[in-house]
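Residues per chain, in single letters:
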Amino acid sequence: MKMMEVTALSKSFDTVNAVNNLSFSLKEGRCTALLGPNGAGKTTTLEMLAGLLVPTKGTILFMGSNQADYREHIGYLPQQPVFFSWMNAVEYLVFMGELSGMAKATAASRADELLELVGMADAKKRRIGGYSGGMKQRLGIAQAMIHEPKLLILDEPVSALDPVGRRDMLEMMKRLKGHMTILFSTHILHDAEEVCDDVMMIHKGELAVAGSLPELRRNYLENIIIISAEESLDTWARTLERWTVITEVRVRNNTLELFVSDLDKARSQLLAEITEKKIPISSFTVGSTTLEDLFMKVVGK
Amino acid sequence: MNKWLVLFRKEWLEMVRNYKVIWLPLVFVVFGLLQPITLYYLPDILKNAGNMPEGTVIKIATPSSGEVLCETLSQFNQMGILVIVLAFMGIVAAERRSGMMKMILVKPVTYTSYILSKWVSALLLTFVSLSLGMLAAWYYTILLIGSFPFVDLAQGTGIYFIWISFLLTFTLFLSSRLKSSGLIAALALLLGIVLSLVTPLLEKWMKWSPAQLTGAASSLLTEGAAQGNVLLPLTITILLTALFLYLAVREP
Ligand SMILES: Nc1ncnc2c1ncn2[C@@H]1O[C@H](COP(=O)(O)OP(=O)(O)OP(=O)(O)O)[C@@H](O)[C@H]1O
Ligand SMILES: [Mg+2]
């Protein structure tokens, strides 16, 4: 079931094309990471999905419809959440809950629950004006979840947090994953790999790569075999270039880096040939490129 | 409607927490008291000033109650407008600048009820402040100078409030469009000043002007009846107020 389907979404500000012809869909119950370098158009995309910006072009279908106002079904955490400094955490959450259509009493009990969940139960009666950046980020998450939305949109939820806070946030997102659909932006690849199921990489407002993590691994991350030996492997390398399972050969001193399309086949063939030709290898390593390599390739560096 | 009430309650809570509900009425009450008290004690004040030649007889006719109240209103028309514009110039702009507006509008709330909650609460606080100020002036006028019918007071204040509402709505409209609070205040005050100055100068051409309402309110207080055609400026002012409110609730 598709929670959200986006077709040919574009947004331009005066002369800047912030988002350009973006199409993707979010599947129910899955966590999707929106990756991209600074200025890629992540915030602009998320704000359009949240109904805060009107797209220049394109359509957004929520649960199959493009008519209804779906804001009551989404929770949104902006990149820099702001609050009324004169309210305390409970007042703020109840206010946001009531705006989402909850009754006051329901909102109040849900607020207590959430403050417990984000680890802010001690500070809940203090004015928000005196909170630290990390506490505000936690409160920001809580306000986004107050009305138990179907879709949670988080714009860089961890970039303002210290390592402990970041850990907590990632754990929380993992726990939430089953209950709601999550879309979050980040430029920290490690976080994306840890919590998400699907990945979208955008660059200069355009979709560069999208798919589930296993798909990406299969389609984009290449297996490599690294062979080192005690003598030069130049001549052998030249014969390897003709193998169909090997897509690219890189020779550095006495080390070979082989990009292979079929790992198992390549490994057994290579090992057989090494034994047969008595090549004096010192190491044989099997590995793969990382998401980071893919990201760098997409960004063009 | 429900969401509107939630937003409206938030506006009041905010005005309570930043003491706007105290200082705004207080300013009006102080200015309201000042006028009858200074006018009453003016002869004594002058006498005690001490730099008069020996034997100077000070003869100042004590003004009538209506004149005192009319003076109060013209005080409000200067200080009062300044204070109201300054108090509400950031009413929308500040939340847009801080990003608070996005936090609110991402919830299922219409922009219209967001703006209307601000308009109604600002209008209400202004009404309360103006009324308390006029009541204070009325009380001391009766005490020190002489009686004055409440009905005339209420009518005069009511007509004057329409003019203030117009300026307040214009301020809200500017606040919904512009980012800089300074510019908002400057433009709102400019409109108030230009209308107030030009209207009596070009009497013939400005019969429709909202600033005619201040004159009408004054004559209601001094003579017990409004001079000239009040209906025309009243209608125009209400229409203009409605127009600016309509423009304010349209998402930019
Ligand atoms: N209101 C605006 N007016 C003009 N240009 C804008 C506006 N908002 C965004 N842009 C431009 O659109 C592009 C994308 O911006 P966006 O904020 O979506 O990037 P981002 O991926 O969120 O970056 P970051 O990682 O730095 O948060 C940028 O070039 C930015 O300058
Ligand atoms: Mg961003």
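Conventions we followed
- Residues numbered from 1 in each chain as written.
- Chains lettered and ligands numbered in written order.
- Predicted model: local features only at pLDDT ≥ 70, side-chain atom pairs only at ≥ 80, totals over all residues.
- Heavy atoms only, no water.
- Helix = DSSP H or I, 4+ residues; strand = E, 2+ residues; numbered from the N terminus.
- Buried < 20%, exposed > 50% of the residue type's maximum accessible area, 1.4 Å probe, protein only.
- Contact = heavy atoms within 4.5 Å.
- Areas by Shrake-Rupley, 256 points an atom, 1.4 Å probe, with all protein chains shown as cover.
- Lys, Arg positive; Asp, Glu negative; His and termini not counted.
- Charge placed at Lys NZ, Arg CZ, Asp CG, Glu CD.
- Salt bridge = Lys/Arg side-chain N within 4 Å of Asp/Glu carboxyl O.
- Pairing = 2+ DSSP bridges.
- Axes fitted to C-alpha atoms, helices over the stretch in contact; angles between N-to-C directions.
- 1 Å grid on protein atoms, 1.4 Å probe; cavity = no way out; pocket = protein on both sides within 12 Å on 5 of 7 lines; lining within 4 Å.
- Points joined across faces, edges and corners; volume = space filled by probe spheres on them.
- Nonpolar A, V, L, I, M, F, W, Y, C, P; charged D, E, K, R; others polar.
- Phe/Tyr/Trp six-rings, centres within 6.5 Å; stacked < 30°, edge-to-face > 60°.
- Domains from an automatic or database assignment.
- Buried area = accessible area lost by both parts, 1.4 Å probe.
- Polar contact = N/O pair within 3.5 Å; in protein donor to acceptor, adjacent residues only side chain to side chain.
- Donors = N, O, S within 2.8 Å, 3.2 Å for Na, K, Ca; no water.
- Near = heavy atom within 4 Å.

Asks: When you look at the overall build of chain B in this model, what are you seeing that I'm missing?
Replies: A count of helical and extended segments in chain B gives 10 helices and 0 strands. Helices and strands in chain B line up, N terminus first, as α-α-α-α-α-α-α-α-α-α. Across its three principal axes, chain B shows a C-alpha extent of roughly 75 × 45 × 30 Å. For chain B, with 252 residues in total, the buried portion stands at 47%. Contacts spanning at least 24 positions in sequence make up 80% of the contacts within chain B whose residues lie at least 6 apart. For chain B, the accessible area works out to roughly 12200 Å², and carbon and sulfur atoms hold 69% of it. One way to put it: in chain B the 17 positive side-chain charges average out to a point 18 Å from where the 11 negative ones average out.

Asks: I'm lost on the pattern of salt bridges in this one. Help?
Replies: It is possible for side chains of opposite charge to pair when their charged atoms get near one another. Evaluation of the coordinates by the stated rule reveals 28 salt bridges over all chains. Measuring nitrogen to oxygen at the nearest pair gives 3.6 Å for the salt bridge that ties A:Asp168 to A:Arg138. Within this pair, whereas A:Asp168 is found in helix H5 (residues 163–176), its partner A:Arg138 is found in helix H4 (residues 133–145), the two being separated by 30 residues in sequence. Of the charged contacts in the structure, one is a salt bridge between A:Lys174 and A:Glu171, with a shortest N-O distance of 3.7 Å. With A:Lys174 and A:Glu171 both in helix H5 and 3 residues apart, this pair spans about one turn of that helix. A network of salt bridges, in which partner residues are shared, links B:Lys10, B:Glu11, B:Glu14, B:Glu95 and B:Lys118.

Asks: Explanation requested: the sheet that holds strand S2 (residues 16–27) of chain A in the structure shown.
Replies: All names here are of chain A. Spatially, 3 strands are ordered S2-S1-S4 in an open sheet, and the strand pairing comes out antiparallel. At either end of the open sheet lies a strand with only one pairing partner, and these are S2 and strand S4 (57–62). Taking each pair of neighbouring strands and ignoring which way they run, the sheet shows an average axis angle of 10°. Here strand S1 (residues 2–13) pairs with S4 via 5 bridges, running antiparallel. Following the sheet pairing, Ser10 is matched in S4 by Lys57.

Asks: Just to check I follow, could you spell out the sheet that holds strand S13 (residues 281–288) of chain A for this structure?
Replies: Residues and elements named next belong to chain A. In spatial order, the strands read S11-S12-S10-S13; together these 4 strands make up an open sheet with antiparallel pairing. Each edge of the open sheet carries a strand with a single partner, namely strand S11 (246–252) and S13. Each adjacent strand pair in this sheet contributes to an overall mean axis angle of 15°, direction not counted. Where strand S10 (residues 223–229) meets S13, 7 bridges bridge the pair, whose relative direction is antiparallel. Bridge assignment links Ile225 to a residue of S13, and that residue is Val286.

Asks: Please explain the layout of surface pockets as it appears in this structure.
Replies: The space that makes up the largest pocket amounts to roughly 1200 Å³. Together, 38 residues line the largest pocket, and A:Glu47, A:Gly51, A:Leu52, A:Leu53 and B:Lys102 are the ones closest to its centre. Taken together, the elements giving at least two residues each to the lining of the largest pocket come down to helix H1 (42–49) and S4 of chain A together with helix H4 (93–98) and helix H5 (100–105) of chain B. The element contributing the most residues to the lining of the largest pocket is H5(B), with 4 residues. Counted by class, the lining of the largest pocket contains 17 nonpolar, 11 polar and 10 charged residues. In this model, the second largest pocket occupies a volume close to 310 Å³. Around the second largest pocket sit 17 residues that line it, and B:Glu14, B:Gly90, B:Ile91, B:Ala94 and B:Glu95 are the ones nearest its centre. Residues belonging to the lining of the second largest pocket are distributed by class as follows: 9 nonpolar, 3 polar and 5 charged.

Asks: Is there a simple way to think about the packing of aromatic side chains in this case?
Replies: Here a ring pair, both rings aromatic, is described through the centre-centre distance and the interplanar angle of the planes. Residues and elements named next belong to chain B. Scanning the entire structure with this criterion turns up 18 aromatic pairs over all chains. Where Trp4 meets Phe8, the ring centres are 5.0 Å apart and the plane angle is 10°; that geometry is what we call stacked. Linking Trp4 with Phe8, this pair stays in helix H1 (residues 2–17), spanning 4 residues, or about one helical turn. This pair shows no difference in class: Trp4 is buried, exactly as Phe8 is.

Asks: Looking at this structure, I do not really get the domain arrangement of chain A. What am I missing?
Replies: By convention, interface size is frequently given as the accessible area that disappears when the constituent parts associate. All names here are of chain A. For chain A, the domain assignment lists domain 1 (2–218) and domain 2 (221–299). Each of domain 1 and domain 2 has a C-alpha centre, and the two are 42 Å apart. Listed per partner, the contact involves 13 residues of domain 1 and 7 residues of domain 2. Around 980 Å² of area is buried between domain 1 and domain 2 when both sides are counted, 81% of it from carbon and sulfur atoms. A per-residue breakdown of the area domain 1 buries against domain 2 is headed by Leu189, Met201 and His203, which together make up 45% of the total. Along the contact surface separating domain 1 from domain 2 lie 0 salt bridges. For the pair domain 1 and domain 2, the interface holds 0 residue pairs in polar contact (both at pLDDT 80 or more). Elements supplying a minimum of two residues to the side of domain 1 that touches domain 2: helix H6 (189–195), strand S8 (198–203), strand S9 (206–212) and helix H7 (213–219). The greatest single-element share of the side of domain 1 that touches domain 2, amounting to 4 residues, is contributed by H7.

Asks: Mind showing me how you'd approach the coordination of the magnesium ion (ligand 2) here?
Replies: Each pair of donors in an ideal four-coordinate tetrahedral metal site encloses 109.5 degrees, whereas pairs in an ideal six-coordinate octahedral site enclose 90 or 180 degrees. All names here are of chain A. Donor atoms from the polypeptide that coordinate the magnesium ion (ligand 2) comprise Thr43 (OG1) and Gln79 (OE1), at 1.8 to 2.2 Å from the metal. Note that Thr43 is positioned in helix H1 and Gln79 in the loop between strand S5 (74–77) and helix H2 (89–99), a separation of 36 residues in sequence. Given the relative accessible area of 25%, Thr43 is considered partly exposed. On the basis of relative accessible area, Gln79 is assigned to the partly exposed category, the value being 31%.

Asks: Is there a simple way to explain the site of ligand 1 in this structure?
Replies: All names here are of chain A. Not every one of the 13 residues close to ligand 1 is listed here, only the nearest: Gly39, Lys42, Thr43, Thr44 and Gln79. One nitrogen or oxygen atom from the side chain of Thr44 is found 2.6 Å from an oxygen atom belonging to ligand 1. The contact in question runs from an oxygen atom of ligand 1 to an N or O atom on the side chain of Glu156, over 3.3 Å. Relative to its unbound accessible surface of 630 Å², ligand 1 loses 62% to contact with the protein. When residues of the shell around ligand 1 are traced back to their parent elements, those giving at least two are S2 and H1. Here the shell around ligand 1 gets 3 residues from one element, more than from any other, and that element is H1. Each residue belonging to the shell around ligand 1 can be placed in one class, and the counts come to 5 nonpolar, 6 polar and 2 charged.

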